[in-house]
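# Tertiary structure, described
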Amino acid sequence: MRASQTSPTSSSDAPTLLVKIFGKDRPGITAGLFDTLAAYSVDVVDIEQVVTRGRMVLCALVTAPPRSQEGDLRRTVHNWAESIKMQAEIISGLGDNRPRGLGRSLVTVLGHPLTAEATAKVAAKITKAGGNIDRIFRLAKYPVTAVEFAISGVETGPLRTALVTDARVLGVDVAVVDAGLHRRAQRLVVMDVDSTLIQDEVIELFAAHAGCEDKVAEVTAAAMRGELDFEQSLHARVALLEGLDASVVDKVRAEVRLTPGARTLIRTLKRLGYQVGVVSGGFTQVTDDLKERLGLDFAQANTLEIVDGRLTGRVTGEIVDRAGKARLLRRFAAEAGVPLSQTVAIGDGANDLDMLNAAGLGVAFNAKPVVREAAHTAVNVPFLDTVLYLLGITREEVEAAETHTE
């Protein structure tokens with residue numbers, strides 16, 4: 001973790017020393033270094049420490065002592081480092097770090113695995129776009145490797161265009177977001193349900209009980225590819241369910257399979273103060289149940305009409321279609337008191353596109369090609385909780401939330 005502080009006595013041309021300590025990590029090294037430096041009354045300008053596989057690099061940028069004391073400081077630091085079987089390097093210079101370029105972005109790269117080749121290509125594209133890599137931090141090693149790059153020198157929009165459009169060619173998933181304070185502010189996350197929050201298409205589960213699964217699946221696939229008007233396809237598919245006994249609702253609820261990582265995603269978000277909702281072109285008979293089971297804040301879908309204990313083959317109320325999902329995202333955001341720029345939308349189909357584009361961050365989850373190309377970023381691994389890493393949430397925070405007790 002980096003903590004920068006500029007001393008009131010330092011200036012851009014004041015002499016400074018960069019003290020680097022590296023070797024096997026153990027407790028007390030940071031305290032020992034600064035206890036050693038304290039004898040020379042130096043001020044701390046910057047500190048950075050990194051530990052990788054038990055090997056530590058600790059860098060301290062400090063104001064230089066009087067010239068008459070600098071040689072003694074160097075000898076003392078080297079002797080202290082040798083006494084604890086570490087190595088030391090001290091470099092003279094002037095002032096603080098060079099000013100960072102305008103533009104601040106965070107680039108999250110997900111790999112399964114993350115290869116050296118892909119990492120090299122991402123870094124090269126950042127450089128070509130005019131960006132400078134200021135810091136690299138691993139967010140997670142499971143279920144995917146997630147690495148975050150802090151970038152300066154290029155605006156977020158052009159950087160996103162340069163990286164996200166070629167992400168699939170690179171063999172990784174890439175998200176680019178502004179590094180402003182709002183990234184970790186309280187947010188609203190809204191998800192599609194079918195093939196996103198759950199592994200199934202709910203209408204196909206109903207259709208299996210009506211004996212028309214193949215026909216419904218064919219229409220569903222065409223609608224998700226954007227080849228059919230969603231509302232027309234919805235009415236056509238629901239009409240095939242006419243006459244089903246209402247008891248089928250409980251059977252379908254029991255058959256629904258959550259996407260791997262769904263519970264972890266929602267539980268972590270809730271414990272970190274996020275609000276979570278779902279919008280679906282499916283049915284309230286299932287989404288209301290999911291809302292209760294998962295502790296969701298919002299849920300909206302179409303409603304199957306039931307008369308005299310049987311499905312009529314019709315839906316009631318306002319249709320939740322492509323435009324409706326975006327409209328509901330805005331409504332949920334207003335009710336939650338969250339600016340639209342701080343919302344996240346997740347979906348997989350063409351009818352999710354308006355919602356994905358309206359959100360501050362739109363995530364295409366194992367999506368159709370047309371959706372991947374239009375969304376802000378895409379996740380192409382089968383774990384829904386990997387979306388947490390796109391929000392800068394580390395695996396350690398996820399595990400802490402998992403073990404948290406009320």
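Residues numbered from 1 in each chain as written. Predicted model: local features only at pLDDT ≥ 70, side-chain atom pairs only at ≥ 80, totals over all residues. Heavy atoms only, no water.

With that settled, consider helix 16 (residues 395-403). For helix 16, the complete set of buried residues consists of Arg395, Val398 and Ala401. Each buried residue of helix 16 lies within a common arc of 120° when the element is viewed along its axis, so the set occupies one face. Residues of helix 16 that are exposed and point over 90 degrees away from its buried face: Glu396 and Thr403. (Buried < 20%, exposed > 50% of the residue type's maximum accessible area, 1.4 Å probe, protein only. Helix = DSSP H or I, 4+ residues; strand = E, 2+ residues; numbered from the N terminus. Arc of directions from axis to C-beta.)

Time to look at the UniProt feature "domain: Phosphoserine phosphatase ACT" (unreviewed entry) in the protein chain. According to UniProt, the "domain: Phosphoserine phosphatase ACT" (unreviewed entry) feature falls on residues 107-176. Secondary structure content for residues 107-176 is 37% helix and 37% strand, while the C-alpha to C-alpha distance between its ends is 5 Å. (UniProt positions renumbered as here; feature names shortened; annotations may be inferred.)

What follows covers the pairing of strand 2 (residues 15-24). Bridge count for strand 2 against strand 5 (residues 87-94) is 8 bridges, and the pairing is antiparallel. Its bridge partner being in strand 5, Thr16 is matched across the sheet by Gly93. For strand 2 and strand 4 (residues 55-63), the ladder comprises 9 bridges, and the chain directions are antiparallel. The partner of Leu18 across the bridge, within strand 4, is Leu61. (Pairing = 2+ DSSP bridges.)

Within the open sheet, the 4 strands sit side by side as 7-8-6-9. Their pairing is antiparallel. Across the chains shown, the open sheet's two edge strands, defined by having one partner strand only, are strand 7 (132-140) and strand 9 (173-178). When strand polarity is set aside, the average angle formed by the axes of neighbouring strands in this sheet is 20°. When strand 6 (residues 104-111) meets strand 9, the two strands line up antiparallel, connected through 6 bridges. Within the sheet, the bridge partner assigned to Val107 lies in strand 9 and is Val176. (Axes fitted to C-alpha atoms, helices over the stretch in contact; angles between N-to-C directions.)

When helix 9 (residues 248-255) is considered as a whole, its buried residues turn out to be Val248, Val249 and Val252. Down the axis of helix 9, the sector holding all buried residues measures 100°, keeping them to one side. Turned more than 90 degrees away from the buried face of helix 9, the exposed residues are Asp250 and Ala254. On the buried face of helix 9, the contacting elements are helix 6 (202-210), helix 11 (284-294), strand 12 (298-307) and strand 13 (310-316). (Contact = heavy atoms within 4.5 Å.)

According to UniProt, the "active site" (unreviewed entry) feature falls on Asp192 and Asp194. Dropping the residues within four chain positions of it, Asp192 is found in contact with Leu197, Val279, Ser280, Lys325, Ile346, Gly347, Asp348, Asp352 and Met355. Of note is the side chain of Asp192, whose polar atom sits 3.2 Å from the side chain of Thr196. By secondary structure assignment, the location of Asp194 is in the loop between strand 10 (188-191) and helix 6. Given the relative accessible area of 9%, Asp194 is considered buried. Residues within four places of Asp194 in sequence aside, it is in contact with Asp200, Glu201, Val202, Ile203, Ser280 and Asp348. (Polar contact = N/O pair within 3.5 Å; in protein donor to acceptor, adjacent residues only side chain to side chain.)

Another aspect to go through is the environment of Met191. Its place among the elements puts Met191 in strand 10. Residues Met191 and Pro27, 164 residues apart in the sequence, show an inter-C-alpha distance of 43 Å. The contact partners of Met191, leaving out residues within four places of it in the chain, are Leu197, Leu265, Ile266, Val276, Gly277, Val278, Val279, Ile346 and Leu384.

This part takes up the packing of aromatic side chains. Evaluation of the coordinates by the stated rule reveals 2 aromatic pairs. Note on Phe206 and Phe283: the rings are 5.9 Å apart at their centroids and 85° apart in plane angle, and the pair reads as edge-to-face. Linking Phe206 in helix 6 with Phe283 in strand 11 (residues 275-283), this pair joins segments that are 77 residues apart in sequence. Given the relative accessible area of 0%, Phe206 is considered buried. (Phe/Tyr/Trp six-rings, centres within 6.5 Å; stacked < 30°, edge-to-face > 60°.)

Once that is clear, we can look at the packing of helix 9 against helix 11. The geometry of helix 9 relative to helix 11 is characterised by a closest axis approach of 10 Å and an angle of 50° between their N-to-C directions. Regarding the angle of helix 9 to helix 11, the classification is oblique. Between helix 9 and helix 11 the crossing geometry is right-handed. On helix 11, the residues touching Val249, Val252 and Arg253 of helix 9 are Gln285, Val286, Asp289 and Arg293. (Parallel < 35°, antiparallel > 145°, perpendicular 65-115°, else oblique. Left-handed = near helix turned anticlockwise from the far one by under 90°.)

This next bit is on the layout of surface pockets. For the second largest pocket, the calculated volume is near 720 Å³. If you list the elements that add at least two residues to the lining of the second largest pocket, you get strand 3 (44-52), strand 4, strand 7 and helix 16. Within the lining of the second largest pocket, the residues separate by chemical class into 13 nonpolar, 3 polar and 11 charged. (1 Å grid on protein atoms, 1.4 Å probe; cavity = no way out; pocket = protein on both sides within 12 Å on 5 of 7 lines; lining within 4 Å. Points joined across faces, edges and corners; volume = space filled by probe spheres on them. Nonpolar A, V, L, I, M, F, W, Y, C, P; charged D, E, K, R; others polar.)

Moving on, we come to the domain arrangement of the protein chain. A common measure of how large an interface is: the accessible area buried when the components associate. Split by domain assignment, the protein chain resolves into domain 1 (15-94), domain 2 (104-179) and domain 3 (188-201 + 252-404). Distance from the C-alpha centre of domain 1 to the C-alpha centre of domain 3: 49 Å. (Domains from an automatic or database assignment.)

A cluster of basic side chains, namely Lys24, Arg26, Arg53, Arg55 and Lys85, defines a positive patch on the protein surface. Looking at the secondary structure, you find Lys24 in strand 2. (Patch = residues over 30% accessible without salt bridge, like charges linked within 9 Å, V, L, I, M, F, W, Y side chains within 5 Å. Areas by Shrake-Rupley, 256 points an atom, 1.4 Å probe, with all protein chains shown as cover. Salt bridge = Lys/Arg side-chain N within 4 Å of Asp/Glu carboxyl O. Lys, Arg positive; Asp, Glu negative; His and termini not counted. Charge placed at Lys NZ, Arg CZ, Asp CG, Glu CD.)

With that out of the way, let us pick up the confidence of the model for the protein chain. Mean pLDDT for the protein chain: 91, with 94% of residues reaching 70 or above. Confidence drops under a pLDDT of 50 for residues 1-10, and excluding neighbours within four residues, the segment shows 19 contacts in the predicted structure. (pLDDT = per-residue confidence, 0-100.)

Moving on, we get to the pattern of salt bridges. All chains considered together, the criterion is met by 17 salt bridges. One salt bridge connects Lys325 with Asp352, and the closest N-O pair in it is separated by 2.6 Å. Linking Lys325 in helix 12 (residues 322-336) with Asp352 in the loop between strand 14 (343-347) and helix 13 (353-358), this pair joins segments that are 27 residues apart in sequence. With relative accessibility at 1%, the residue Lys325 sits in the buried group. Classification of Asp352 by relative accessible area gives buried; the value is 0%.

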